[in-house]
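Chain by chain, the residues run as shown.
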Amino acid sequence: MQEIRTITPRIEQGWKNALSSEFSDPYFATLKAFLLEEKTKYTLYPPGSLIFNAFERTPFNRVKVVILGQDPYHGPGQAHGLCFSVPKGIEMPPSLKNIFKELASDLQIKIPNNGNLEKWSDQGVLLLNATLTVRAHQAGSHQGKGWERFTDRAISSLSEQKEHLVFLLWGKYAQAKESLIDGKKHLILKAAHPSPLSAHAGFFGCRHFSKTNEYLLQNGESAIDWNL
């Protein structure tokens, strides 16, 4: 948990500049203290070195697309700091399987044999969970402790300081963040969550991946290669 031991974590410089006011705010010190206490009692995911992985892999000035999740996965070996993604060798969760099904339908991309989305991150797709940590086997256990304030500021900083980003809001939780985004400057795409409980209610057939690339190309950006 080394990154939490200082008020300012190790984080990519562009993000550090954008979020500097958060690190000096009292709530962030309270969040740090909470995490240190939690670590004495519980196993936490993801590992400390990967808590800010989304920010490290996708520098602020390279963000082109934002996919919003809610919590890290809470099973062993699953969470590595990128929403919906799992490391190679870990079984794909159901929501991720449905993301790949829609991708295959939309762009005729072959469904991969692993769920590691780092290739997307490295192309400018910010895979951001609203809450960056969780107790093992306890979904939602770190909600309401300060992470949401931090990640809300990350979203609003992108909206304010950049232009022509694509925000993919899947499900009601992600769509509640729409108020943080300037829809006049950016493309906001909304659909049902890819969970098996809701994917048939509007996620399948949303064609968000092709729509994202069309918008990026129209605004002078390179398209995302969604192949893994």
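Here the residue index of a chain counts from 1 through its sequence in written order. Whole-chain, interface and lining totals are the exception, using all residues; otherwise, since this is a predicted model, local features are given only for residues with pLDDT of at least 70 and side-chain atom pairs are given and counted only at 80 or more. Hydrogens are left out, water is left out, and the side-chain values use all remaining heavy atoms of the structure.

> Quick question: what am I supposed to make of the packing of aromatic side chains here?
Aromatic ring pairs are defined here through the distance separating the ring centres and the angle between the ring planes. What counts as a ring pair is set by centres within 6.5 Å for rings of Phe, Tyr and Trp (its six-membered ring), and what kind of pair is set by the plane angle: stacked under 30 degrees, edge-to-face over 60, tilted for all other angles. Applying the stated criterion across every chain yields a total of 20 aromatic pairs. Ring centres 6.2 Å apart and planes at 55° place the aromatic pair W120 and F209 in the tilted group. Remark: F209 occurs in helix 9 (residues 208–218) and W120 occurs in helix 6 (residues 118–121); sequence separation between them is 89 residues. The burial state of W120 is the same as that of F209; both residues are buried. On the numbers, 6.1 Å between centres and 65° between planes, the contact of W170 with F209 is edge-to-face. Residue W170 is found in strand 5 (residues 166–170), and its partner F209 is found in helix 9; the two are separated by 39 residues along the sequence. Assessed through its relative accessible area of 2%, W170 is described here as buried. Through pairs of rings, three or more aromatic residues link up here, namely W15, F23, Y27, F28, F52, F55, F60, W147 and F150. Looking at R135, its charged tip hangs above the ring of Y42, at a distance of 3.9 Å from the centre. In this analysis the charged atom, NZ for Lys or CZ for Arg, is taken to sit over a ring once it is within 6 Å of the ring centre and within 35 degrees of the ring normal. In this structure, K162 is placed above the aromatic ring of F60, and the distance from its NZ or CZ to the ring centre is 5.8 Å. Numbering of helices and strands runs from the N terminus, with a helix taken as a DSSP run of H or I at least four residues long and a strand as a DSSP run of E at least two residues long. Relative accessible area decides the class of each residue, using a 1.4 Å probe on protein chains only: under 20% of the type maximum gives buried, over 50% gives exposed, and in between gives partly exposed.

> Can you help me understand helix 7 (residues 147–161) in this one?
In an α-helix, one turn spans 3.6 residues; hence positions three or four apart end up facing the same way. How far a helix is expected to stretch is found by multiplying one less than its residue total by 1.5 Å. A rise of 1.5 Å per residue sets the reference length of helix 7, with its 15 residues, at 21 Å; its end C-alpha atoms lie 21 Å apart and thus fit the reference within 8%. Among all positions in helix 7, only W147, E148, F150, T151, A154, I155, S156, S157, L158 and S159 are buried.

> Please clarify how the confidence of the model for the chain should be interpreted in this entry.
Segments scoring low in pLDDT should not have their predicted coordinates read at a detailed level. Within the chain, residue pLDDT values average 95, and 96% of them lie at 70 or more. Scored from 0 to 100, pLDDT reflects the predictor's confidence in each residue. Two residues qualify as a contact provided that any one of their heavy atoms is within 4.5 Å of a heavy atom in the partner residue. Counting interchain partners and residues more than four positions distant, the pLDDT-below-50 stretch residues 1–6 has 19 contacts.

> Explain helix 5 (residues 94–107) here, please?
In this model helix 5 runs 20 Å from its N-terminal to its C-terminal C-alpha over 14 residues, within 8% of the 20 Å that 1.5 Å per residue would give. All of the buried residues in helix 5 are S95, L96, N98, I99, F100, E102, L103 and D106. Contacts made by the buried residues of helix 5 are with helix 6, strand 5 and helix 9. Two residues or fewer past helix 5, Q108 is found with a positive phi of approximately 55°.

> What should I look at first to understand the sheet that holds strand 3 (residues 125–129) in this one?
Pairing between the strands of a sheet comes from backbone hydrogen bonds, and it takes one of two forms, parallel or antiparallel. Pairs of strands are assigned from DSSP output, requiring at least two bridges between the strands. Read from one edge to the other, the open sheet built from four strands follows the order 3-2-5-6, with strand pairing classed as parallel. Edge positions in the sheet fall to strand 3 and strand 6 (187–191), since each of these pairs with one other strand and no more. When strand polarity is set aside, the average angle formed by the axes of neighbouring strands in this sheet is 20°. Here strand 2 (residues 65–69) runs beside strand 5; their pairing, made up of three bridges, is parallel. Residue pairing in the sheet places V65 in a bridge with V166 of strand 5. Every angle, taken between N-to-C directions, lies between 0 and 180 degrees, and every axis is a line fitted to C-alpha atoms, over only the stretch in contact when it is a helix.

> Help me out: how do you make sense of the pattern of salt bridges in this one?
Pairs may arise between side chains of opposite charge once their charged atoms sit close together. We define a salt bridge as a side-chain nitrogen of Lys or Arg found within 4 Å of a carboxyl oxygen belonging to Asp or Glu. Using the criterion set out here, one finds ten salt bridges in the structure. Of the charged contacts in the structure, one is a salt bridge between R57 and E118, with a shortest N-O distance of 3.6 Å. In this pair, R57 is assigned in helix 4 (residues 53–57) and E118 in helix 6, connecting sequence segments 61 residues apart. Exposure remark for R57: the relative accessible area of 25% places this residue in the partly exposed category. A salt bridge links K190 to E178, with the nearest nitrogen and oxygen atoms 3.0 Å apart. Highlighted residues: K190 in strand 6 and E178 in the loop between helix 8 (172–175) and strand 6, separated in sequence by twelve residues. We classify K190 as partly exposed; its relative accessible area is 45%. Among the residues examined, E178 registers a relative accessible area of 29% and is labelled partly exposed. A cluster of three or more residues bridged by salt bridges with shared partners is formed by R57, E118 and D122.

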